[in-house]
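# A look at the structure
The residues making up each chain are set out below.
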Amino acid sequence: MLLEMKHITKEYGTLRANDDVDLSLREGEILAVVGENGAGKSTLMKILYGLEKPTEGDIYINGELQKFRSPHDAMAKKIGMVQQHFMLLQPCTVAENIVYGHEPKKSGIFFDRKRAAAITKELCEKYGLSIDPSLIVSNCPVGLQQRVEILKVLYQDASIIIFDEPSAVLTPQEVGELLKTIKKLASMGKSIIIITHKLSEVMEVADRVMVMRQGKRIKEMAKSETSIEELSFLMVGRHIVERKIPPQETTGTVLDVQDLVLSGSDKKNILDHFSIHVDAGEIVGIAGVSGNGQSELIECITGLTQITSGDILICGKTIVGKTVGERRTAGCACIPEDRYLWGCAKQATLTETSIMAHQREPAISRYGILNTKGIQKFTSGLLERYDVRSGGLSQKTGELSGGNLQKMIVAREIELNSNLLIAAEPTRGVDIGAMEFIHSRLLDKRAKGDAVLLISSELTEIMTLSDRIYVIYDGKVAGEFRKQDATEESLGILMMGGESNEPKAV
Ligand SMILES: Nc1ncnc2c1ncn2[C@@H]1O[C@H](COP(=O)(O)OP(=O)(O)O)[C@@H](O)[C@H]1O
Ligand SMILES: [Mg+2]
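Figured I'd write up the structure that's included with this text.

Calculation notes
Residues numbered from 1 in each chain as written. Chains lettered and ligands numbered in written order. Predicted model: local features only at pLDDT ≥ 70, side-chain atom pairs only at ≥ 80, totals over all residues. Helix = DSSP H or I, 4+ residues; strand = E, 2+ residues; numbered from the N terminus. Rg over C-alpha atoms; globule rule 2.2 N^0.38 Å. Buried ≥ 20, exposed ≤ 12 C-beta atoms within 10 Å, placed from the backbone. Contact = placed C-beta atoms within 7 Å. Pairing = 2+ DSSP bridges. Axes fitted to C-alpha atoms, helices over the stretch in contact; angles between N-to-C directions. Core = buried A, V, L, I, M, F, W, Y, C linked by C-beta atoms within 7 Å.

### Here's the deal with the overall build of the protein
Across its full length, the protein holds 17 helices and 24 strands. For the protein, whose C-alpha radius of gyration is 24 Å, the value lies close to the compact-globule estimate of 23 Å for 506 residues. Buried positions account for 44% of the 506 residues belonging to the protein. Residue pairs in contact within the protein that sit at least 24 positions apart in sequence constitute 67% of those at least 6 positions apart.

Here's what the structure looks like:
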């Protein structure tokens, strides 16, 4: 056996993040580790990569006992990790990032730029990945940044490669590329551990699957011996049932986007005479391949970007020219796409994060003075009702696991009691249990008679929840469907820029 982790236990205070976990990995094998948010997957991988020390348990490589004091020790044993949040040097080039830490030198002292670019090219050819070595990392989309991370690990000659939720940040196309890369690496003899929430990805790449729940290893099996249904049952500990959503009357328009134009730096419009509306009591989905104007649409509505022409109204009143704060007061809540960038401040405590935009509510402050007791009660209430698993009210927001942070932001935005909720990729990176929970909260919002604009690159999510669906392509509305008329095929064709023969709806 190439790698064995035996009886690994990790305690953080009274919390057992890992509880007597065994893991083994053969050469050239792809092992998927699945489990709900907080199940202990990242902790186990951090232990393997030398970022955390286990409270108990041992790691063996080729039967030899290891003591990793840091990632440096793990790397020396050819263990590499593609992190959940990238650790790249943003202002530097792709090549500089790949060789960082082990730079090629001219005359033994000077950084050899040419050699670094050549090394990058060689690696790309060897592993069938393509990237321009001279690109500046901050200009690369996340999919490419991840490729840089992978190349970096390969440059360090890792033979065991850990991927911690690599697809959570990617578009469906990028995910396809990544899975191909992972299979290719395994076929070249690399041994892979991949953590993911997406069971379809597990079924596509894994040889073996290990399920974790509440810090424990629940079960392990060959991929061929299991199914998506069994895995989701094992992960969550109960069966997930398909949802039946009753139809509901709508009343009046809440969000009205009229002939919106947002011009880009060249002559092309990013949003091109874009008109949509969302009524009270309905969920309206925007389906589309990401990068077709969805992010800009959200920025135009929330006030982060000024529009070129057209109008945006909330409950009949224009919000164009208003500040972000004024728009929030006018009834616009938003679960942002990038929760780390726009949803919170990483250094803020959970209490601070939870009251953002709630600060003027009577329970939180009066006459500009914060009510500490009230705030604590408010935050504990949110954490409890939305099942955010945390280390307490004063924990730093950036320390929450991805899924728990997402639930925290969903909680805060839903509790704003706004007429409109914009939900952008509300379940990206969360497990099935949390996804079901977030979907229920969005449906509660609809049941209360509020309007929900759902933007998601997951077609199944759009089709399950939406009463009406618009397809966005190249900044334009490419089609509009009532729920009952939408099929995956008809939406898919329009999403790729094709023409649909389906009846154009409503
Ligand atoms: N540095 C830490 N301090 C305290 N608790 C932590 C720390 N890291 C993780 N935890 C807790 O350990 C549990 C497992 O977390 P994690 O391994 O990140 O889960 P997963 O990756 O499966 O979502 C969670 O309850 C998490 O809050
Ligand atoms: Mg994790």
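### As for the sheet that holds strand β10 (residues 191-195)
Spatial ordering of the open sheet is given by β6-β9-β10-β3-β11-β12, a layout of 6 strands whose pairing is mixed. Of all the strands in the sheet, just β6 (79-82) and β12 (216-222) have a single pairing partner and so form its edges. Averaged over all pairs of adjacent strands, the angle between their axes in this sheet comes to 20°, without regard to strand direction. By the bridge criterion, 4 bridges tie β6 to strand β9 (residues 160-164) in an arrangement that is parallel. Within β9, the residue paired with M81 across the bridge is I162. Sheet strands touched by helix α1 (residues 41-48): β3 (30-35), β6, β9, β10 and β11 (208-213). Its angle to β9, the strand with the most contacts, is close to 150°. Packing of helix α8 (residues 228-236) onto the sheet brings it into contact with β3, β11 and β12, and relative to β11 it is tilted by some 25°.

### Looking at unusual backbone geometry
With phi around 50°, S107 is a residue other than glycine that occupies positive phi space. By secondary structure assignment, the location of S107 is in the loop between β7 (105-106) and β8 (110-111). Not every positive phi belongs to a glycine, and D259 is a case in point at roughly 50°. Checked against the element boundaries, D259 lands in strand β13 (residues 251-263).

### Points about the nonpolar core
In terms of nonpolar packing, the biggest core is built from 133 residues, with L48, L420, I422, L453 and L454 touching the most fellow members. Setting aside anything within four residues of it in sequence, one finds L453 in contact with L255, V278, V284, I286, L420 and I422.

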